Amino acid sequence: MSLDLDVKKCFERLEKIYAAFRKNKGAWGQANCLSLNRGPSNEEDLYAKSVVLHTYLFGIELTDTVIVITEEGIIYFLSTKKKIQFLQQLEDTSSLENKPDFVLKFLIRNKEDSNAENFATMLEAIEKDKAEDEKVKVGVFKKEWESNTEANTANVSGWQKTLDEADTCETVDSAVGLGMLLAVKDDDELDLIKKSSVLGNKILKHGFIPRLEEVIDKEEKVTHEALAEEVEEIFADPTKIKLKVPAEHVQSAYFPIIQSGGNYDLKVSALSNQKKLKFDIITVSVGSRYQSYCSNIARTFLVDPPKAVSNTYETLLLVHETCIAAMKPGEPIKAVYAAAVKKLKDEGREDLIKCLPKNLGFSIGAYFREASLTLNQKNNITFKPGMTFNLCTGISGVKLSEADKAAVNDKSAVKKIEEYALVIADTVTITMSTPDILTKHNKNLTDISYELNGDEESDDAPDGDAALARKIQEEDDTQSGQRSSKRLASTYDAMKDLQASAAEREKKQIQLMDRRNEERVRDIARSKNKNRGNKEENEAAEEIDVYKSTKSYPDSVLPNQIKVDMPSQCVLLPVGGNPVPFHISTIKAAVIQNLDSVSYLRINFYAAGLALGKEASRNMAKLVEKYAPYATFIREMTFRSLDGHNLNNAYRMIMELRKRFRAKEVQEQEEATLVKQDKLQRTKGERVPRLSDLTMRPVFAGRKTQGNLEAHQNGLRFISNRGEQVDLIYSNIKHAIFQPCENEIMVLIHFHLKHPIMIGKKKQKDLQVFTEVIDASQAVDAGRRSMYDPEEMDDEQRERQLRKKLNEAFKEFCRKVEKVASKNGFSLEFDIPYRDLGFQGNPHKEMVFILPTLNCLVNLTETPFFVVDLDNVDHVHFERVTFASKAFDMVLINKDFTKQPYVVTMIPNADKDAIQDWLTDMEISYTEGPMNLNWKSIMNTVADDDRFYMDTEEDEVTKKEAGWSFLRMFGDDDENEEDSVQEDSDFDDAVDEESEEESKEEDFDSESEEESDFDADEELEEQGMDWEDMERQAMAEDRRKGRRDENEDEGRGRKKRRRR
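My aim in this report is to walk through the structure given alongside it, one point at a time. (Residues numbered from 1 in each chain as written. Predicted model: local features only at pLDDT ≥ 70, side-chain atom pairs only at ≥ 80, totals over all residues. Heavy atoms only, no water.)

## Here we look at empty space enclosed by the protein
- Applying the stated criterion across every chain yields a total of 4 cavities of 30 Å³ or more.
- Of the pockets and cavities examined, the largest cavity occupies roughly 110 Å³.
- As for the largest cavity, its lining consists of 13 residues, and the residues nearest its centre are Gly179, Leu182, Ala183, Lys185 and Tyr367.
- Contributions of two or more residues to the lining of the largest cavity are made by α2 (49-58) and α7 (175-183).
- If you tally residues by element for the lining of the largest cavity, the top one is α7, at 3 residues.
- When its residues are assigned to classes, the lining of the largest cavity shows 6 nonpolar, 3 polar and 4 charged.
- Each pocket or cavity is described by its volume, and for the second largest cavity that value is around 90 Å³. (1 Å grid on protein atoms, 1.4 Å probe; cavity = no way out; pocket = protein on both sides within 12 Å on 5 of 7 lines; lining within 4 Å. Points joined across faces, edges and corners; volume = space filled by probe spheres on them. Helix = DSSP H or I, 4+ residues; strand = E, 2+ residues; numbered from the N terminus. Nonpolar A, V, L, I, M, F, W, Y, C, P; charged D, E, K, R; others polar.)

Next up, the structure:
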């Protein structure tokens, strides 16, 4: 035969079979020898043990072939001449490192004696293994024995009849032994299973899900069987989803199973029926087969799900993840089922235990389902690295009450079902550490939920806004002539979809801005009523009273000498021979000047009519404002001394006292707005969730603050290695964010607080703990090494494993913290940033990757942190939005107009549509414009405008743009378009005349863009002069300059007019 046999691999696998047979005979039915027979081909039984064995050993199926393995180490092959010639490639053992423990013998079919001699040779060999007075136990595949005998093939049927007629032999079933052996896969098998899993992922993602969404959107009536048939056709022709793999390598493991409408069967033997697909709870199971190796994936899709169904699905997802975590080497298989039951009890869903199936999956590989390795409650076989399982976590027969369906739209199909089922299935490989999930298709609730019968959009938008939306939608809908190129033709549909999406987004934005304007008017009115009367109380100035009388002066005060009283924060200055006290807060500056024989000390004071500066205390500014109308102020005092020692000492002490006073005032201002936190209640008598070896930002002091984070009854405590402590009370945490490590060098947990706390000497509203996967310096240095360096590859492997381990440790800690907080009556949930919505931008002084979360817009990996609470964002404006620029800026305007907006610059234009879609989904209004604006001036103007969010002026009749509508690039006054056209009719008439002449020229000169080299920009450029023209012009200039007649001035005037 022309086929090549992988000799080395075949010997390795024969060695494994022979060793397993000798070591564990119990699994092989206590057989003395094995007779592993493959009868005639049967396409209906793809998973027969003999087919799997031949694929495992030879890569192809050799029909009518007998393989006999004796205990003494002789392996016989009986088949036709061509097949034996193919197998005789095994005689060349030069590629083997070690000599095998067995001997191969090849027997060619003999037609003359009907294989009598061959049968006698093999029978004699197996009878040597017989003990006295006992029959030889021959291990066979009992399930295939009868069909092989009835097939009347020359080799297999004749051999099996010989064994049946022999009094010295009896057959036992050895299928379990082969199943146990094949359960542990080698690297080549794992690679094929991984490819099979990727195939299933792609067919589900690019084949089934788009088709399902199309059916739902168009409300098509299609049967489960017809939809499953469409999926099956993708296996027959993978190019339908642009998958370039040989079609002969791809098969479906079974006919896809699609179910809905309240009738569900979670067995892999279930069938897709001919009932119509219902848009309620849809389950789909897809089994893939790549080069004879199988994988399985199942997902549930929820359409208009009630809250009870969504909660149950999230519970099932937790159970699924718990089962995966229980699949560890050395653990019994039954531990998976026990983990599922325990998780349901821990989540308070004991009612779902009875809804679990009898088993949660099975071993999968070349054989689709190994019956001896099912994930049930009684299987004591232990997990081993290299095993691959189909973990199928499902529940069925779950009741759905009328109360659960009450909040669902009456049009939803969920209203009609009484009970439902949910299923999640993945192909999982057992490794030495955590199991590896091969079918990586998303299964989070947000990824599998659809809303079909939500609230309909209202159509009561103003006429002008509606006209604007229609104008944008229809702007590019029509084209004259043919499409300009094939490239544009291929992307035309995509552009149409993009334009329709933009128009729909703009329509929603118009409605959203009107609604938010009304909400902000109500919010501002409520806040004004709440804060009325508090302003005057907060602005009262505090009088300065240091000494009650002259008796309180320090004892060492001299009549004509400056004295600095540090404890009283006062400077006593001599005026007319008498010491006069001045509080340090009244002194604006002090300057000393030392000359040869004399020294001068000049002291400036805060006074009315002068700029106070930034260093003036708040109380001093209020006092100056209070007494300015009627008091007399001292602006400056100068002191002269022949002995400069005293003045220098006084100057030094004044400056030191000012420094201390200023530092104390800053600290008081920092602490003035602090809200007193509750005292941390430590957990006693039980294990405390803890994360170790963390680095905290911001730091207490020094370069790094490292320590541990613990979760207690009412808050978290970070304890540094130096004994410093920071307490975070659950009630003070506004947003908690867990960011796993994917493309970054760290995994982190970030807390954004409601009220700031003091860390060291600074007030902080953000606190973060993290662990670096690799040191930042190593990350930079690693780029200089070769990609083929073995040490580099090992480092990368260790880094991936460490990253995965740290992500799971942090994720588990977050779950424990949520559980502790919930147990003690607090609500705390950790957000995970949406990485697929992230974009590059510059919020401070460097480009960073900015990520949205459920409640914030953040960059947490670089300092200073960038955290924008979306609840505080009133509006978003996009600046520098032009066709010429490659990037734009985004301004996030705060609801508190006294605060300056957040600005993110240099965002790539490619991210604009995605950001605007996200803002629309978050119900945040936005506008865009072509230039940067002066936001300080705008915010001052807006803050002083009491009717900013109203659409009328103070007379309540004159219309104006409400809120942030004035920032809109196109405006929203399209209803006045007819008036403006009428006013400019004269101009339009002139344009019409020119357009008629141009249209005649266009008819003459028209040609398709594919054939023309016409460049409009080049045609509009000014034509330059050639060298002769330039030389003649220079000579004329020289002649004009040489003239000295009385008309020179007039000539120059004419020359200037010509040049203009």
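## Topic: the packing of helix α1 (residues 7-23) against α2
- Axis separation between α1 and α2 bottoms out at 8 Å; the angle between their running directions is 135°. Between α1 and α2, the angle is such that the two are oblique. On α2, the residues touching Cys10, Arg13, Leu14, Lys16 and Ile17 of α1 are Leu53, Tyr56, Leu57 and Phe58.
- When the residues that make up the contact of α1 with α2 are grouped by side-chain class, the tally is 7 nonpolar, no polar and 2 charged. (Axes fitted to C-alpha atoms, helices over the stretch in contact; angles between N-to-C directions. Parallel < 35°, antiparallel > 145°, perpendicular 65-115°, else oblique. Contact = heavy atoms within 4.5 Å.)

## Observations regarding helix α9 (residues 224-236)
- Between its first and last C-alpha, α9 extends 19 Å over 13 residues, near the 18 Å set by a 1.5 Å rise per residue.
- Buried within α9 we find His224, Leu227, Ala228, Val231, Ile234 and Phe235. Across the axial projection of α9, the buried residues extend over an arc of 110°, all falling on one side.
- Contacts from the buried residues of α9 go to α8 (187-218), β7 (250-252), β8 (257-259) and β9 (281-290). (Expected span 1.5 Å × (residues − 1). Buried < 20%, exposed > 50% of the residue type's maximum accessible area, 1.4 Å probe, protein only. Arc of directions from axis to C-beta.)

## Quick look at the sheet that holds strand β6 (residues 169-173)
- The strand order β4-β3-β2-β1-β5-β6 describes an open sheet built from 6 strands, whose pairing is mixed. Strand pairing shows two members of the sheet lacking a second neighbour, β4 (103-108) and β6, which therefore form its edges. Each adjacent strand pair in this sheet contributes to an overall mean axis angle of 25°, direction not counted.
- As paired strands, strand β5 (residues 136-140) and β6 are joined by 5 bridges and run parallel to one another. Each bridged residue has a counterpart across the sheet, and for Lys137 the counterpart in β6 is Glu170.
- Where α2 meets the sheet, it contacts β1 (33-38), β2 (65-70) and β3 (74-79), and its direction lies at approximately 95° from that of β1.
- Packed onto the sheet, helix α4 (residues 116-127) meets β1, β2, β3, β4, β5 and β6 and runs at close to 160° relative to β3. (Pairing = 2+ DSSP bridges.)

## Focus on the pattern of salt bridges
- For the coordinates displayed, the defined rule picks out 41 salt bridges.
- Lys49 is paired through a salt bridge with Glu370; the nearest N and O atoms lie 3.2 Å apart. Here the residue Lys49 occupies a position in helix α2, and Glu370 occupies one in strand β12 (residues 370-374), the gap between them amounting to 321 residues. Glu370 carries the same exposure label as Lys49, and that label is buried.
- The salt bridge partner of Glu636 is Arg602, with a shortest N-O separation of 3.9 Å. Of the two residues, Glu636 sits in strand β22 (residues 636-641) while Arg602 sits in strand β21 (residues 599-605), which places them 34 residues apart along the sequence.
- When salt bridges with common partners are traced through the structure, they connect Arg211, Glu214, Lys218, Glu220 and Glu230 into a single cluster. (Salt bridge = Lys/Arg side-chain N within 4 Å of Asp/Glu carboxyl O.)

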